[in-house]
Amino acid sequence: MIQTVAIIGAGIAGLTAGCALRKYKIKVDIFERSDSVTEFGAGITLSKNATSLLRDLDLFDELETSSYTPKGSFIRHYKTAKQIAHVDFNKDFLTADRRDLVHILSKRFLDMGGSLQLSRTIEKVEAKSGKLIFSDGENCYADLVLSCDGIKSRIREDIFDSTEPRFTNNIAWRGVIERSNLPEFPGNDQVNIYHGPGGHVVHYPMGHKDMVNFVAIETRENWEEESWKREGNKEDLLKPFKGWNENLQNIFSSSEKVYKWGLFDRKVPKLLSKGKVFLLGDAAHPMVPFLGQGGCMAIEDAFTLAVLVDKFKDDLDKIKVSYQQLRRTRGNLIRQRSKFQGKFNHLSNPLLMRLRNLAVKLFVKPNMENIHSYDAIKEISKVA
Ligand SMILES: Cc1cc2nc3c(=O)[nH]c(=O)nc-3n(C[C@H](O)[C@H](O)[C@H](O)COP(=O)(O)OP(=O)(O)OC[C@H]3O[C@@H](n4cnc5c(N)ncnc54)[C@H](O)[C@@H]3O)c2cc1C
C-alpha cells in the first residue's frame, strides 16, 4: 500500500509532485539540502502543457496573478530586429518570476499538509527497501522515493547510471531590467526571440513587478568555471553580441547585474524507475533551455506520477510501467528537439541563415503548437 512518499529536492519537480500527491491525501515529506526554498531571480516561461496541469491542481489562478500573460511571440532578425514570424499565445502562456513560482508551490504544499524539511541532504537511497540515508547518518523509509534532485542527481548516479553531465558549448547570460529601461518598439511587451549567427537572445516582461527578463545564448568551446553559475561582466556579454540590434545592446547595458550559466546536458537513462525510486524533472531528462521546456517537463512528470499513484494504488509495477511509457519518450523527445533548436538558432552561414528564417516563417507555429498542445491528462487516461 503506497502511504508515504519521500521527495528529494524542493525545485519545480519536487514541489509540484508534493502538491499533486497531497491532492490524493498521500503523506509526503520533501527533503531539501538548502536552508530555504529559493530560486534564482530570473524569469521562466510556462506553456499550456504545464499551465493546464497547474490549473487542474488549482494553482494556476494564484500564479497568474503574480505573472505576466504575453499575447504572443515575435521571432526577429538579430541585426535589424525585423519580424520574421509571429505566434499568438492564448491565455495559458505565462511568464513568471521563478521566485514567485517556487513560493506559490511551497506555500500550497504546506497548506495542503505536506512536510518540508530544509537543510536535509540525502546521501544515499536503497532502491529496493525505500530507505533514505541522510548526511548526518539518520535514516527513514518511504513507500516511494522521488528523486527530484536536478541535473547533478546523486541518486541517479548511484542507482541508475553513471553518465556525467556534459558541457554543451553554450553559455546562457541572464539579467533582469526594469521595464522603464526597455527600448520602445512595437511588440516590446511580448516574448521576443532573435536568431543570430552563433547565438540567440530572448527577452520578455515577467511577473507583476514591471521587470523584463533576458537570456542571451553564446556558443563557446569551454566552460572553465568551477561553478555552473556565476556573476559575469557586462563587457564580456556585449562582446559576442557586437553588431546585433542596438535595442539588445541597450537591454544588456541597463541590467544592473548579469549572470552566466554553463549549459549542461545528460542522457536520459533507459529506466526512469528502479525498485521504489523514480526520477523526475532534470534528474531524469535535463535539457538545454532553447524551447523553454525543462520546467514544463518537470511539471508534466510530477503531475503524471501523482495521478498514476492514485489510479493504480498498490500496483507498483503498473505505476512503473505506465510512468516509463508516458514520460521517457516525451522527455527524451523534447530534450532532443531542444538540442536541435540550438543548432538551428545558431547557424552562421549566411545562406543557411536565410533558409532558416524561411523555415521559421513556415513552421514555427505548428512546431510550438505541437509541443504546447501535449495533454498529460488525456495521455494518462489512455493507459489501462
Ligand atoms: C538559462 C535557463 C533558462 C530556462 N528557462 C526555462 C523556461 O523558460 N521554461 C522552462 O520550463 N524551463 C526553463 N529552464 C529549465 C528549468 O529551469 C529546469 O528544467 C527546472 O528548474 C528543473 O527543476 P528540477 O526541480 O527538476 O531541478 P532543480 O531546480 O535543479 O531542483 C533540484 C533541487 O534538489 C535539491 N537537491 C539536490 N541534491 C539533493 C540532495 N542530495 N538532498 C536534498 N536535496 C537535494 C537542490 O538543492 C534543488 O533545490 C531554464 C533553464 C536555464 C538554465
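Residues numbered from 1 in each chain as written. Predicted model: local features only at pLDDT ≥ 70, side-chain atom pairs only at ≥ 80, totals over all residues. Heavy atoms only, no water.

Asker: Please give an account of the overall build of the protein chain that cites residues and values.
Answerer: Secondary structure summary: the protein chain contains eleven helices and 19 strands in total. The C-alpha radius of gyration of the protein chain comes to 21 Å, within 12% of the 21 Å expected for a compact globule of 384 residues. For the C-alpha atoms alone, the extent of the protein chain along its principal axes is close to 60 × 40 × 40 Å. Here the protein chain, with 384 residues, has 55% of them falling under the buried criterion. Of the contacts made within the protein chain by residues no fewer than 6 positions apart, 75% connect residues no fewer than 24 positions apart. Summing over all exposed atoms, the protein chain offers an accessible surface of approximately 17,100 Å²; the carbon and sulfur share of this is 49%. With 57 positive and 49 negative side-chain charges, the protein chain shows a spacing of 6 Å between the two charge centroids. (Helix = DSSP H or I, 4+ residues; strand = E, 2+ residues; numbered from the N terminus. Rg over C-alpha atoms; globule rule 2.2 N^0.38 Å. Buried < 20%, exposed > 50% of the residue type's maximum accessible area, 1.4 Å probe, protein only. Contact = heavy atoms within 4.5 Å. Areas by Shrake-Rupley, 256 points an atom, 1.4 Å probe, with all protein chains shown as cover. Lys, Arg positive; Asp, Glu negative; His and termini not counted. Charge placed at Lys NZ, Arg CZ, Asp CG, Glu CD.)

Asker: An account of the site of the ligand is requested, with residue identities and associated values reported.
Answerer: Contacts to the ligand come from 29 residues, most closely from A13, E32, R98, D282 and G295. A13 has a polar backbone atom sitting 2.9 Å from an oxygen atom of the ligand. Between the ligand and D282, the relevant distance is 2.8 Å, taken from an oxygen atom to a side-chain nitrogen or oxygen of the residue. Alone, the ligand offers 1,000 Å² of accessible surface; in the complex the protein occludes 87% of this. Only α1 (12-22), β3 (43-46), β12 (166-178) and α8 (294-312) provide two or more residues apiece to the shell around the ligand. Per-element tally for the shell around the ligand: the top contributor is α8, with three residues. For the shell around the ligand, the class distribution of residues is eleven nonpolar, eleven polar and seven charged. (Near = heavy atom within 4 Å. Polar contact = N/O pair within 3.5 Å; in protein donor to acceptor, adjacent residues only side chain to side chain. Nonpolar A, V, L, I, M, F, W, Y, C, P; charged D, E, K, R; others polar.)

Asker: Outline the pattern of salt bridges, supporting the account with residue identities and numerical values.
Answerer: Tallying each qualifying case throughout the model produces 21 salt bridges. Where D265 meets R335, a salt bridge forms, and the shortest distance between an N and an O atom there is 3.0 Å. With D265 in strand β17 (residues 258-265) and R335 in helix α9 (residues 316-345), this residue pair connects regions lying 70 residues apart in the sequence. Each member of the pair, D265 as well as R335, is classed as buried. A salt bridge links K313 to D310, with the nearest nitrogen and oxygen atoms 2.9 Å apart. By relative accessible area, K313 is classed as partly exposed at 48%. By relative accessible area, which is 26% here, D310 ends up partly exposed. Three or more residues are tied together by salt bridges with common partners; here these are R166, D265, R335 and K339. (Salt bridge = Lys/Arg side-chain N within 4 Å of Asp/Glu carboxyl O.)

Asker: Talk me through the nonpolar core; I want residue IDs and the actual numbers.
Answerer: Among the nonpolar cores identified, the biggest contains 72 residues, and I7, L21, V125, L132, L146 and L280 are the most heavily contacted of them. For this core, the leading source of residues is α8, giving eleven residues. In terms of nonpolar packing, the next biggest core, distinct from the first, is built from 24 residues, Y78, L182, F185 and W223 among them. (Core = buried A, V, L, I, M, F, W, Y, C linked by side-chain atoms within 4.5 Å.)

Asker: Describe a nonpolar patch on the surface, listing the residues and the values that go with them.
Answerer: Residues L351, L352, L355, L358, L362 and F363 make up a contiguous nonpolar surface patch of about 600 Å² in total accessible area. Within the secondary structure, F363 sits in helix α10 (residues 350-372). (Patch = residues over 30% accessible without salt bridge, like charges linked within 9 Å, V, L, I, M, F, W, Y side chains within 5 Å.)

Asker: Can you lay out the side chain of D301 for me, pointing to particular residues and giving the numbers?
Answerer: Looking at the secondary structure, you find D301 in helix α8. At a separation of 2.7 Å, a polar atom in the side chain of D301 contacts the side chain of H285. Apart from the residues lying within four places of it in its own chain, the contact partners of D301 are L280, G281, H285, Y323 and R327.

Asker: Lay out the pairing of strand β6 (residues 94-97) with the relevant residues and their values.
Answerer: On a regular strand, each side chain points to the face opposite its neighbour's, so the side chains alternate between the two faces of the sheet. Residues L94 and A96 of β6 are buried on one face, and the alternating residues T95 and D97, pointing to the opposite face, are buried as well. Pairing of β3 with β6, which is carried by four bridges, proceeds in the antiparallel orientation. If you follow L46 over to β6, its bridge partner there is L94. (Pairing = 2+ DSSP bridges.)

Asker: Quick rundown of the state of the cysteines? Include the residues and the values.
Answerer: Every disulfide links exactly two cysteines, by a covalent bond between their sulfur atoms. Counting across every chain of the model gives zero disulfides. C19 carries a free sulfur, and the closest cysteine sulfur to it, the one in C148, is 12 Å from it. Given a relative accessible area of 8%, C148 falls into the buried group. (Disulfide = S-S within 2.5 Å.)

Asker: Give a description of helix α4 (residues 98-111) that names residues and reports values.
Answerer: Each full turn of the α-helix corresponds to 3.6 residues, which orients residues three or four apart in the same direction. If you check α4, its first and last C-alpha atoms are 20 Å apart, about what 14 residues at 1.5 Å a residue would give, namely 20 Å. Burial in α4 covers these residues: R98, D100, L101, V102, I104, L105, S106, R108 and F109. Immediately downstream of α4, the backbone of G113 shows phi near 95 degrees, a positive value. (Expected span 1.5 Å × (residues − 1).)

Asker: So what about the sheet that holds strand β2 (residues 27-31)? Which residues, and what values?
Answerer: Two modes of strand pairing occur in sheets, parallel and antiparallel, and in both the strands are linked by backbone hydrogen bonds. Spatially, six strands are ordered β7-β2-β1-β11-β19-β18 in an open sheet, and the strand pairing comes out mixed. Of all the strands in the sheet, the pair left with one neighbour each is β7 (115-117) and β18 (273-274). Sheet topology note: the strand β1 (residues 4-8)/strand β11 (residues 144-147) ladder contains four bridges and is parallel. Its bridge partner lying in β11, A6 is registered against V145. Taken strand by strand, α1 contacts β1, β2 and β11, and its axis lies near 170 degrees from that of β2. Packing of α9 onto the sheet brings it into contact with β11, β18 and β19 (277-279), and relative to β19 it is tilted by some 15 degrees. (Axes fitted to C-alpha atoms, helices over the stretch in contact; angles between N-to-C directions.)

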